[in-house]
Amino acid sequence: MLVRGAPLIGVTAAYGMALAMKDDQSDAAIDRAYQMLIATRPTAINLKWGLDEMRRVLRPLPPSARRDAAYARADDIAEEDVGISQGMAKNGVALIESDRGEEAGRSG
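Small disclaimer: the values here were computed from a predicted structure and weren't measured. (Residues numbered from 1 in each chain as written. Predicted model: local features only at pLDDT ≥ 70, side-chain atom pairs only at ≥ 80, totals over all residues. Heavy atoms only, no water.)

A. Quick look at the overall build of the protein. Looking only at helices and strands, one finds 4 helices and 0 strands in the protein. Starting at the N terminus and walking to the C terminus, you meet the elements of the protein as α-α-α-α. The C-alpha radius of gyration of the protein comes to 19 Å, more than 25% above the 13 Å expected for a compact globule of 108 residues. Structurally, the protein occupies a C-alpha span of about 70 × 25 × 20 Å along its principal axes. Across the 108 residues of the protein, 28% fall into the buried class. (Helix = DSSP H or I, 4+ residues; strand = E, 2+ residues; numbered from the N terminus. Rg over C-alpha atoms; globule rule 2.2 N^0.38 Å. Buried < 20%, exposed > 50% of the residue type's maximum accessible area, 1.4 Å probe, protein only.)

B. Representation of the pattern of salt bridges in the model. Applying the stated criterion across every chain yields a total of 9 salt bridges. Arg-59 is the partner of Asp-31 in a salt bridge, and the nearest nitrogen-oxygen pair spans 2.2 Å. Pair noted here: Asp-31 is in helix H2 (residues 27–38) and Arg-59 is in the loop between helix H3 (45–58) and helix H4 (63–107), with a separation of 28 residues, a long-range link. We classify Asp-31 as partly exposed; its relative accessible area is 33%. The residue Glu-80 makes a salt bridge to Arg-73 at a minimum N-O spacing of 3.1 Å. Take Arg-73: its relative accessible area is 15%, and that puts it in the buried class. (Salt bridge = Lys/Arg side-chain N within 4 Å of Asp/Glu carboxyl O.)

C. Representation of the environment of Gly-16 within the structure. Among the secondary structure elements, Gly-16 is positioned in helix H1 (residues 6–20). Owing to a relative accessible area of 18%, Gly-16 belongs among the buried residues under this scheme. Residues Gly-16 and Leu-95, spaced 79 residues apart in sequence, show a C-alpha to C-alpha distance of 36 Å.

D. Here's a closer look at the nonpolar core. Formed by 23 residues in total, the largest nonpolar core has its most connected members in Met-17, Met-21, Leu-47, Leu-51, Met-54, Leu-58 and Ala-70. Going through the elements one at a time, H1, H2, H3 and H4 are the ones with two or more residues in this core. Ala-70 has contacts with Ala-18, Met-21, Met-54 and Leu-58, leaving out every residue within four places of it along the chain. (Core = buried A, V, L, I, M, F, W, Y, C linked by side-chain atoms within 4.5 Å. Contact = heavy atoms within 4.5 Å.)

E. Local environment of H2. In a regular helix each residue adds 1.5 Å, so 12 residues correspond to 16 Å; H2 covers 16 Å between its end C-alpha atoms and thus fits that length. When H2 is considered as a whole, its buried residues turn out to be Ala-29, Ile-30, Ala-33, Tyr-34, Leu-37 and Ile-38. The buried side chains of H2 occupy one side of the element, clustering within an arc of 150° when seen end-on. (Expected span 1.5 Å × (residues − 1). Arc of directions from axis to C-beta.)

F. Spatial organisation of the side chain of Arg-73. Relative to the assigned elements, Arg-73 resides in helix H4. With sequence-adjacent residues up to four places away left out, Arg-73 is seen in contact with Trp-49, Glu-53, Met-54, Val-57 and Glu-80.

Now the structure itself:
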C-alpha cells in the first residue's frame, strides 16, 4: 500500500476488501482480507475504520451479493473522502483570501 494521508488509507483498505471479494466472497475471505490488510498498518485508525466498515456492510449479505456491494461501498467511501477534501479546500481558500484582505488593509 503506497498512499499518503490517513483518509486515503481508509479508502485503500475499502478497495482492498473489494478486491478480496473478486474471486472469493466467503466469510473466510472477508476475515483473511481483514487480517492481511490490518497487519500492514495496525495502528492506522482510518485503515481499521475502512476495514470495519466494509466488514459491517458485507457480512450480512449473501456471498453472491458481496462483490458488487464491496465495490459500491468502496466507491462511496472514496467519494465521501473527495467531498470532505473539497470542503476543506474551500474553507482554506476562504481563510487565505480573508487573511490576504486583512493584510492588504494593514499595509495600505
